[in-house]
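Observations on the model geometry
The lines below spell out each chain.
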Amino acid sequence: MTGSDKTQGLAGRRLLLCVGGGIAAYKALELVRRLRDAGAQVQVAMTAGAQQFVTPLSFQALSGHPTRTSLWDSAAEQAMGHIELARWADQVIVAPATADLMARLAHGLADDLVTTLCLATTAPVMIAPAMNHRMWEHPATQGNLATLRGRGVRVVGPNDGPLAEGESGPGRLAEPGEIVAALANHADDAPSVPQDLAGLKVVVSAGPTYEDLDPVRYLGNRSSGKMGFAVAASAAKRGAAVTLVAGPVHLPTPAGVTRVDVRSAAQMHQAVFAALPADVYIGAAAVADYTPRVPAADKIKKSSESLALDLVRTPDILAEVAAQTQALKLVVGFAAETNNVAEYARKKLEAKRLDMIVANRVGIADGGFESDRNAMTAYWKEGERSFASAPKTQLADELIDLIVERLNA
Ligand code: CTP
């Protein structure tokens, strides 16, 4: 098997998989299989902890190479020394990267085979963290993450969801398919992608919110989430630690982004504040302005000729983030307008005390909610910049350029 179009870049690549000691280590087996399906050569090194979860023999059977487990294994060293192995690899992937392993990598330790390999290689390194969510959110781990990113280490995941201990939160190992896609994405990475957001945390909201009227109906809007997802992907490519708070959309999680799925404005509010503190907030979500005062517990029956809904205002997440006492470096809002774009956008910039607002015309043929393209204008206090109609992925890159400029201004 040679792999699909998406994994084509992996054919013939020499991947060194370093497996850390976490419960998610079993998923690394599936990763080896998928990488080999994509045509890559895979060699595996395991930490002592990893060997408590999965046997070296399992990896050996799947990779077709002896699994390396120790710096002091003279037979293995004779076949291929660890420095030679570090040089053999043209990509290193650490999965799962535990909190401990990330800490050791961040500090440049070489106290076992895996850390020595990571220090000795000149190949690009990608890590797929997996751990308890409190360990993930701990400032020590986030600091190590920032250090690693600053050195150009790529990060895929972790995902949000149920964790081993019956808890839930960010900390799940990215799925093998996501890791393969991330590796394929960067297979022929121009190392020229500037890591100018390294060390910064960016929170992005995207998509619509759904406000439930009763168990079967909701108030929603036509936002597809494409722009917000593209912005999150672009910020991650540039080295930021990105949390993407997504309303109900059908879009894959961009590589290297931590995603939190929500449904309502209230849930989005909660998830955004849980993701703070951050350096940059980009509110690309189309948050409902109103929600039912009390959603009906049972399905609303059509008993009368007309129906009045009792709606109340939702909290303005963007304005509240901008008003945070623990100031962010940059708060960016979006505005969808059908007319008087500049005037309304500048009013919102001021009223919500934003650093920047990005306005786009909706209700036109080329661009808007469901389209893959858009045109938009960003306004800040002393200036503005227009972005001509382009695919949303390109606009996102251009917007991140501007955000970097404003951060440095
Ligand atoms: N926003 C928010 N929380 C809300 C409403 C909006 O965070 N409850 C954010 C959106 O993410 C977006 C910006 O505010 O960044 C949109 O501004 P808003 O004034 O809500 O735009 P409209 O809803 O289009 O306002 P209006 O209907 O008054 O034009």
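Residues numbered from 1 in each chain as written. Predicted model: local features only at pLDDT ≥ 70, side-chain atom pairs only at ≥ 80, totals over all residues. Heavy atoms only, no water.

Looking at an unreviewed UniProt entry, the chain carries the name Coenzyme A biosynthesis bifunctional protein CoaBC, with the source organism given as Pseudoxanthomonas mexicana.

Here we take up the packing of helix H11 (residues 226-237) against helix H15 (residues 392-408). Interaxial distance between H11 and H15 falls to 8 Å at its minimum, and their mutual angle equals 50°. By the angle between their axes, H11 is oblique relative to H15. The two elements H11 and H15 meet at a crossing, and its hand is right-handed. On the side of H11, the interface is formed by Lys-226, Met-227, Ala-230, Val-231, Ser-234, Ala-235 and Lys-237, while H15 contributes Lys-392, Thr-393, Leu-395, Ala-396, Asp-397, Leu-399 and Ile-400. Its residues assigned to classes, the contact of H11 with H15 shows 8 nonpolar, 2 polar and 4 charged. (Axes fitted to C-alpha atoms, helices over the stretch in contact; angles between N-to-C directions. Helix = DSSP H or I, 4+ residues; strand = E, 2+ residues; numbered from the N terminus. Parallel < 35°, antiparallel > 145°, perpendicular 65-115°, else oblique. Left-handed = near helix turned anticlockwise from the far one by under 90°. Contact = heavy atoms within 4.5 Å. Nonpolar A, V, L, I, M, F, W, Y, C, P; charged D, E, K, R; others polar.)

Next up on the list: the pairing of strand E13 (residues 280-283). Side chains Val-280 and Ile-282 of E13 all project onto a buried face; the interleaved residues Tyr-281 and Gly-283 project onto the opposite face, where all are buried too. Relative to E13, strand E8 (residues 201-206) is paired through 4 bridges, and the arrangement is parallel. In the strand pairing of E13, Val-203 is matched with Tyr-281. Relative to strand E16 (residues 330-337), E13 runs parallel, the two being bridged by 4 bridges. Directly across from Gly-283, in E16, lies its bridge partner Gly-333. (Buried < 20%, exposed > 50% of the residue type's maximum accessible area, 1.4 Å probe, protein only. Pairing = 2+ DSSP bridges.)

Now for the site of the ligand. In the vicinity of the ligand, 15 residues are found, and the nearest of them are Gly-283, Ala-285, Pro-315, Leu-318 and Phe-334. At 3.0 Å, a backbone N or O of Ile-317 approaches a nitrogen atom of the ligand. A distance of 2.9 Å separates an oxygen atom of the ligand from a polar backbone atom of Phe-334. For the ligand, whose unbound accessible area comes to 580 Å², protein coverage reaches 73%. Among the cavities detected, the one that contains the ligand is the second largest pocket. Among the elements of the structure, helix H13 (317-322) and E16 are those that each provide at least two residues to the shell around the ligand. Here the shell around the ligand gets 3 residues from one element, more than from any other, and that element is E16. Among the residues making up the shell around the ligand, the classes are represented as 8 nonpolar, 3 polar and 4 charged. (Near = heavy atom within 4 Å. Polar contact = N/O pair within 3.5 Å; in protein donor to acceptor, adjacent residues only side chain to side chain. Areas by Shrake-Rupley, 256 points an atom, 1.4 Å probe, with all protein chains shown as cover. 1 Å grid on protein atoms, 1.4 Å probe; cavity = no way out; pocket = protein on both sides within 12 Å on 5 of 7 lines; lining within 4 Å. Sits in = over half its atoms within 2 Å of the grid points.)

The next thing to look at is the nonpolar core. Within the largest apolar cluster, 38 residues are counted, with the highest numbers of intra-cluster contacts made by Val-242, Ile-282 and Met-356. Leaving out residues up to four positions away in the same chain, Met-356 has contacts with Val-331, Val-332, Gly-333, Leu-349, Ala-378, Tyr-379, Trp-380, Leu-399, Leu-402, Ile-403 and Arg-406. Counting 32 residues, the second-largest nonpolar core is a separate cluster that includes Leu-17, Ala-38, Val-44 and Leu-173. (Core = buried A, V, L, I, M, F, W, Y, C linked by side-chain atoms within 4.5 Å.)

Moving on, we get to the layout of surface pockets. Of the pockets and cavities examined, the largest pocket occupies roughly 980 Å³. Lining the largest pocket are 42 residues, with Asn-185, Ala-233, Thr-253, Pro-254 and Ala-255 positioned closest to its centre. Where the lining of the largest pocket is concerned, the elements lending two or more residues are strand E5 (154-155), helix H10 (176-185), H11 and H15. Looking at which element gives the most residues to the lining of the largest pocket, the answer is H11, with 7 residues. Looking at the lining of the largest pocket residue by residue, the classes come out as 19 nonpolar, 13 polar and 10 charged. Here the lining of the largest pocket spans two domains, since at least three of its residues come from each of domain 1 (3-189) and domain 2 (201-289 + 306-408). For the second largest pocket, the lining is made up of 35 residues, of which Ala-285, Ala-286, Val-287, Phe-334 and Ala-336 are closest to its centre. Elements represented by at least two residues in the lining of the second largest pocket include exactly H11, E13, H13, E16 and strand E17 (356-361). Partitioned by chemical class, the residues of the lining of the second largest pocket number 17 nonpolar, 11 polar and 7 charged. (Points joined across faces, edges and corners; volume = space filled by probe spheres on them. Domains from an automatic or database assignment.)

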